Amino acid sequence: MSPEAHSGRPVVAAFDFDGTLSVRDCVLPFLERLAGRRGLAAGCARQPAAIARATLHRDRDRFKEVVVRAALAGRDADSVHNLGAVFADEIQATHLRADTPRRLAWHQRQGHQVVLVSASLGAYLHPLGRSLGVDAVLCTDGVVGEDGCYTGELEGSNCRGPEKERRLRAWMAETGIEHAEIWAYGDSNGDRELLLAAHHRTNVKDRIIAEEPERPS
C-alpha cells in the first residue's frame, strides 16, 4: 500500500512524543521545573506506602503517579498551565529531533490526521500540539478540582502501553474514522501496542527518519 492510501480510507498518523519527536524525556524536567528537585523529593518522601507498592511491583505507572502527585497536588492550575506554555516553547526551540517533526509535517501536507499519543503531561503537550498544528493530543493529564487546583490524581490511566492504543481507538471512533489507515511512530516498549495496531509502523530509536517514506518500487 502506498503512502497516499490508495484504498481511499482516511489516514491517521500517531506519534509518540518523548524520544520520538523530542530528543529527551520531558516529564521529569517539567516536574522539577515546577516543584524544584528538593520539593519533588520531599513530596515523594511523603508517600512511603505508594512508593513501596510501586517498588514491589516494579510498576512504572505507579511511580509516575507518586511523582506527579508530589509536584502537582494543590497547585493552581492556571499557574501550571502558564509554566507549561513556556516549557512547550522551550521544547520546540531546543529539544525537538531534526527528523521526525519533518515526517509529521509531511503527513500534514498529505492531508492526514496527525495525533500525539504520549505519556507526557498535558500542561505542556497541549500547547505544543497547538503550535505543531496537530489534530489531537492524547496524553497524561492531572485532575483539576473545583477550586481550580490540581488534586494530585491522574485523569484516567497513564497514557502508556495498551492505554495508547485504547486512547487512539477511542479518538478515532469519536471522530468517525475508526476504519482509518494508521501510521504510528514510537521509540520504546511503551509504544509497542501503538505500533502493533498500525498498518505502517516505524520504531525511530537509533534511526534517522527520512522526511518522506520510501515509495514502493
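Residues numbered from 1 in each chain as written. Predicted model: local features only at pLDDT ≥ 70, side-chain atom pairs only at ≥ 80, totals over all residues. Heavy atoms only, no water.

(A) Seen up close, the packing of aromatic side chains. Scanning all chains against the criterion turns up five aromatic pairs. Judged by centre distance (4.4 Å) and plane angle (10°), the ring pair of phenylalanine 15 and tyrosine 185 falls under stacked. Of this pair, phenylalanine 15 sits in strand β1 (residues 11–15) while tyrosine 185 sits in strand β6 (residues 181–186); the two residues are 170 residues apart in sequence, bridging distant segments of the chain. Classification of phenylalanine 15 by relative accessible area gives buried; the value is 0%. On the basis of relative accessibility, which here comes to 1%, the residue tyrosine 185 falls in the buried class. With a centroid separation of 5.3 Å and 55° between ring planes, the pair formed by phenylalanine 30 and phenylalanine 87 is classed as tilted. Of this pair, phenylalanine 30 sits in helix α1 (residues 27–35) while phenylalanine 87 sits in helix α5 (residues 77–94), and the two are 57 residues apart along the sequence. With relative accessibility at 1%, the residue phenylalanine 87 sits in the buried group. By the ring-pair criterion, three or more aromatic residues cluster together here, those being Phe30, Phe87 and Tyr124. (Phe/Tyr/Trp six-rings, centres within 6.5 Å; stacked < 30°, edge-to-face > 60°. Helix = DSSP H or I, 4+ residues; strand = E, 2+ residues; numbered from the N terminus. Buried < 20%, exposed > 50% of the residue type's maximum accessible area, 1.4 Å probe, protein only.)

(B) Region of interest: the pattern of salt bridges. This model, assessed by the stated rule, comprises ten salt bridges. For the salt bridge of aspartate 16 with lysine 164, the shortest nitrogen-to-oxygen distance reads 2.7 Å. Highlighted residues: aspartate 16 in the loop between β1 and α1 and lysine 164 in helix α8 (residues 162–175), separated in sequence by 148 residues. Accessibility classification places aspartate 16 together with lysine 164 in one group, the buried group. As a salt-bridge pair, glutamate 163 and arginine 166 come within 2.8 Å of each other at their nearest N and O atoms. Here glutamate 163 and its partner arginine 166 are both found in helix α8, three residues apart, which amounts to about one turn of the helix. (Salt bridge = Lys/Arg side-chain N within 4 Å of Asp/Glu carboxyl O.)

(C) View of the sheet that holds strand β2 (residues 113–121). The parallel open sheet is built from five strands, whose spatial order is β3-β2-β1-β6-β7. Edge positions in the sheet fall to β3 (136–140) and β7 (200–203), since each has one partner strand and no second. Taking the axes of each pair of neighbouring strands and ignoring which way they run, one obtains an average angle of 15° across the sheet. As defined by bridge partners, β2 adjoins β3 across four bridges and the pair is classed as parallel. Bridge assignment links leucine 116 to a residue of β3, and that residue is valine 137. (Pairing = 2+ DSSP bridges. Axes fitted to C-alpha atoms, helices over the stretch in contact; angles between N-to-C directions.)

(D) Layout of the packing of α1 against α5. Running from amino to carboxyl end, α1 crosses α5 at an angle of 135°, the nearest separation of the two axes being 11 Å. Compared by their axis directions, α1 and α5 come out oblique. When the axes of α1 and α5 are compared, the crossing they make is right-handed. Facing Pro29, Phe30, Arg33 and Leu34 of α1, the residues of α5 in contact are Val80, Leu83, Gly84, Phe87 and Glu90. (Parallel < 35°, antiparallel > 145°, perpendicular 65-115°, else oblique. Left-handed = near helix turned anticlockwise from the far one by under 90°. Contact = heavy atoms within 4.5 Å.)

(E) View of unusual backbone geometry. For aspartate 206, which is not glycine, the phi torsion reads 60° and is therefore positive. Looking at the element boundaries, aspartate 206 is found in the segment after β7. Judged by its relative accessible area of 76%, aspartate 206 falls in the exposed class.

(F) The nonpolar core, seen in detail. Counting residues in hydrophobic clusters, the biggest one holds 44 residues, and the most contacted among them are Phe30 and Tyr124. Top contributing element to this core by residue count: α5, with six residues. Once residues lying within four places of it in the same chain are set aside, the contact partners of tyrosine 124 are Cys26, Val27, Phe30, Gly84, Phe87, Ala88 and Ile91. Ranked by size, the runner-up nonpolar core spans 17 residues in total, among them Leu138, Met172, Ile177 and Leu194. (Core = buried A, V, L, I, M, F, W, Y, C linked by side-chain atoms within 4.5 Å.)

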